[in-house]
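# Geometric and topological summary
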Amino acid sequence: TRTIKLAVIPGDGIGPEVTEQANRVLDAVIAGSDVQFERTEFKLGAERFLETGETLPEAEQAAIAEHDVILFGAVGGVPGDPRLREANIERGLLLKLRFDFEHYANVRPCTLYPGVTSPLENPGEVDFVVVREGTEGPYVGNGGTLRGGTPAEVATEVSVNTAFGVERIVRFAFETAKSRPRKKLTWVHKTNVLVHAGATWQRIVENIGAKYPEVSVNYMHVDAATIHMVQDPAQFDVLVTDNLFGDILTDLAGAIGGGIGLAASGNINPDGNFPSMFEPVHGSAPDIAGQQKADPTAAILSAGLMLDHLGLQAEGDRLRAAVRTDLSSRGTEARSTTQIGDAIVAALPSRG
Ligand code: NAD
Ligand code: IPM
Ligand code: MN
């Protein structure tokens, strides 16, 4: 029997609701196999902060690091809640885990499943993956405020792009493209304005691309990429871009793929020196929390990416087949979070 140590961070709002369903589906998928999960739950997030003043105690981070993988729900309170302004749970918890555990490959697939309505009238066959850099860019917090609160206030947020960081994400993206049937890579930046980082990215894409002659490469400015993503999303196979552009493009991709309730992601540490973390693209959705209104599909598909990462691709495929069945037969009647979990468990195809 293979025992997988799974750290679970349900978080806030709808995080615990969708994570519960992801865990149920995981248990149903591996039932009867020689794999088992040994789970540890960590209560972290805005709620924990408001109760105890703690965001991510060092000992808990060390305990999380001892696990094979992490399943993450969502964290954060109502946007703008003054009690959370100082704490900044998103930076102090979520981004801290991504940075400290070197989740440099933030992998966010966008597949428009049959039966799912896209807001686009004529989307075509949408099946692409955004490879978002996860440890650099404007997210590193390199900046500051001068003369704060005065009319002469100056605030900076400097985007950090290291050759080391750009090379490893670009190489990962080429490997991803090489493994897919269409073998196409679109790199996205804003080289006409962000000339320094743009030149670094360009040189590295060209250098690494020379070693992948089978992958076709094209470039788009990020603003134009949003047009192309709406007008012809079927043209994309793999996209690679920096942390902030990738954040924005993947919410757009989520909407195109039928809604943020379906958008999954993996924060991957390809080197394996820290656990990778799997989470829906969406947040804690305080507006619908506690009402069983959240769609758990994004969390469930994120658990599917986790199975792939663990080398359990066949089980990941079974999970996706069940989601595909559920999505293709969704009626117009509203279902609860648990009912969607039930339906996906019931739709799991038998093994082999
Ligand atoms: P959000 O993603 O939480 O919600 C945006 C909209 O999408 C809301 O109307 C919400 O009801 C809806 N929605 C989200 N997930 C859904 C689901 N599974 N099913 C159905 N509808 C869903 O974004 P927000 O409102 O900007 O942020 C709320 C909080 O979450 C903030 O504190 C934010 O910082 C945090 N956040 C956390 C993460 C994360 O933990 N990874 C990601 C994004 C935002
Ligand atoms: C996401 C979220 C996070 C990000 C926030 C909550 C820090 O929007 O996972 O896309 O910007 O990466
Ligand atoms: Mn985001």
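Residues numbered from 1 in each chain as written. Chains lettered and ligands numbered in written order. Predicted model: local features only at pLDDT ≥ 70, side-chain atom pairs only at ≥ 80, totals over all residues.

As far as domains go, the protein holds domain 1 (1-103 + 263-352) and domain 2 (118-140 + 159-257). Placing the centre of domain 1 and that of domain 2 at their C-alpha centroids yields a distance of 25 Å. Here the element with the most residues in the side of domain 1 that touches domain 2 is helix α5 (residues 89-100); it accounts for three residues. Taken together, the residues that form the side of domain 1 that touches domain 2 break down as five nonpolar, two polar and two charged. (Domains from an automatic or database assignment. Helix = DSSP H or I, 4+ residues; strand = E, 2+ residues; numbered from the N terminus. Nonpolar A, V, L, I, M, F, W, Y, C, P; charged D, E, K, R; others polar.)

Before going further, it helps to spend a moment on the environment of Glu-157. Tracing the sequence through the fold places Glu-157 in strand β7 (residues 154-157). According to the C-beta neighbour criterion, Glu-157 is partly exposed, with 13 such atoms within 10 Å. The spatial distance from the C-alpha of Glu-157 to the C-alpha of Tyr-139 is 8.4 Å, given a sequence separation of 18 residues. Not counting residues up to four positions away in its chain, the partners in contact with Glu-157 are Pro-138 and Gly-143. (Buried ≥ 20, exposed ≤ 12 C-beta atoms within 10 Å, placed from the backbone. Contact = placed C-beta atoms within 7 Å.)

Attention shifts here to the UniProt feature "binding site: Mg(2+)" (unreviewed entry) in the protein. Residues annotated by UniProt as "binding site: Mg(2+)" (unreviewed entry) correspond here to Asp-223, Asp-247 and Asp-251. Spanning 29 residues, the annotated positions come together in the fold, the maximum distance between their C-alpha atoms being 14.2 Å. Take Asp-223: it is sitting in helix α8 (residues 222-231). Of the residues examined, Asp-223 has 12 C-beta atoms within 10 Å and is grouped as exposed. Topologically, Asp-247 is positioned in helix α9 (residues 243-256). The partly exposed category is assigned to Asp-247, around which 19 C-beta atoms lie within 10 Å. (UniProt positions renumbered as here; feature names shortened; annotations may be inferred.)

Attention now moves to the sheet that holds strand β9 (residues 216-221). Strand order in the open sheet made by the ten strands is β2-β1-β3-β12-β11-β4-β5-β10-β8-β9, with mixed pairing throughout. Taken across any chain shown, the strands that pair with only one partner, and hence form the sheet edges, are β2 (35-41) and β9. Neighbouring strand axes in the sheet, compared pairwise and without regard to direction, differ in orientation by 25° on average. In the sheet, strand β1 (residues 2-11) pairs with β2 via seven bridges, with the strands oriented parallel. In the sheet register, Val-8 faces β2, and the bridge partner there is Glu-41. (Pairing = 2+ DSSP bridges. Axes fitted to C-alpha atoms, helices over the stretch in contact; angles between N-to-C directions.)

This next bit is on the packing of helix α10 (residues 297-309) against helix α11 (residues 313-328). Where α10 contacts α11, the axes come no closer than 7 Å and their chain directions differ by 160°. In terms of orientation, α10 and α11 fall into the roughly antiparallel class. For the crossing formed where α10 meets α11, the hand is left-handed. In this structure, α10 uses Thr-297, Ile-300, Leu-301, Ala-303, Gly-304, Leu-307 and Asp-308 to contact α11, whose residues at the interface are Gln-313, Glu-315, Gly-316, Leu-319, Arg-320 and Val-323. Along the lines of polarity and charge, the residues of the contact of α10 with α11 split into six nonpolar, four polar and three charged. (Parallel < 35°, antiparallel > 145°, perpendicular 65-115°, else oblique. Left-handed = near helix turned anticlockwise from the far one by under 90°.)

On to the site of ligand 2. Every residue close to ligand 2 is listed here: Glu-90, Leu-94, Leu-95, Asp-247, Val-281 and Gly-283. Ranked by the residues each element gives to the shell around ligand 2, the list is headed by α5, at three residues. Taken together, the residues of the shell around ligand 2 break down into three nonpolar, one polar and two charged. (Near = placed C-beta within 6 Å.)

Glancing now at the packing of helix α6 (residues 163-178) against helix α7 (residues 195-209). The geometry of α6 relative to α7 is characterised by a closest axis approach of 10 Å and an angle of 45° between their N-to-C directions. What the angle tells us is that α6 and α7 run oblique. Both α6 and α7 take part in a crossing whose hand is right-handed. Contact with α6, carried on its side by Ala-163, Val-166, Glu-167, Val-170, Arg-171 and Phe-174, involves Thr-200, Trp-201, Ile-204, Val-205, Ile-208 and Gly-209 of α7 and no other residues of that element. Per-class residue counts for the contact of α6 with α7 are eight nonpolar, two polar and two charged.

Further remarks concern the environment of Val-323. Locating Val-323 in the fold gives a position in helix α11. Along the primary structure Val-323 and Ile-344 are separated by 21 residues, whereas in three dimensions their C-alpha atoms are 5.8 Å apart. Leaving out residues up to four positions away in the same chain, Val-323 has contacts with Thr-297, Ile-300, Leu-301 and Ile-344.

The next point concerns the site of ligand 1. Around ligand 1, a shell composed of 22 residues is seen, among which Gly-76, Gly-261, His-282, Gly-283 and Ala-285 lie nearest. Partitioning the shell around ligand 1 into residue classes produces twelve nonpolar, six polar and four charged.

In terms of nonpolar packing, the biggest core is built from 88 residues, with Val-131, Ala-173 and Ala-303 touching the most fellow members. A per-element tally of this core places α10 first, with eight residues. Taken together, domain 1 (1-103 + 263-352) and domain 2 (118-140 + 159-257) each give at least three residues to this core, which thus spans both. Not counting residues within four places of it along the chain, the set of residues in contact with Val-131 comprises Ala-105, Val-107, Ile-169, Phe-172, Ala-173, Thr-176, Val-238, Leu-239 and Val-240. (Core = buried A, V, L, I, M, F, W, Y, C linked by C-beta atoms within 7 Å.)

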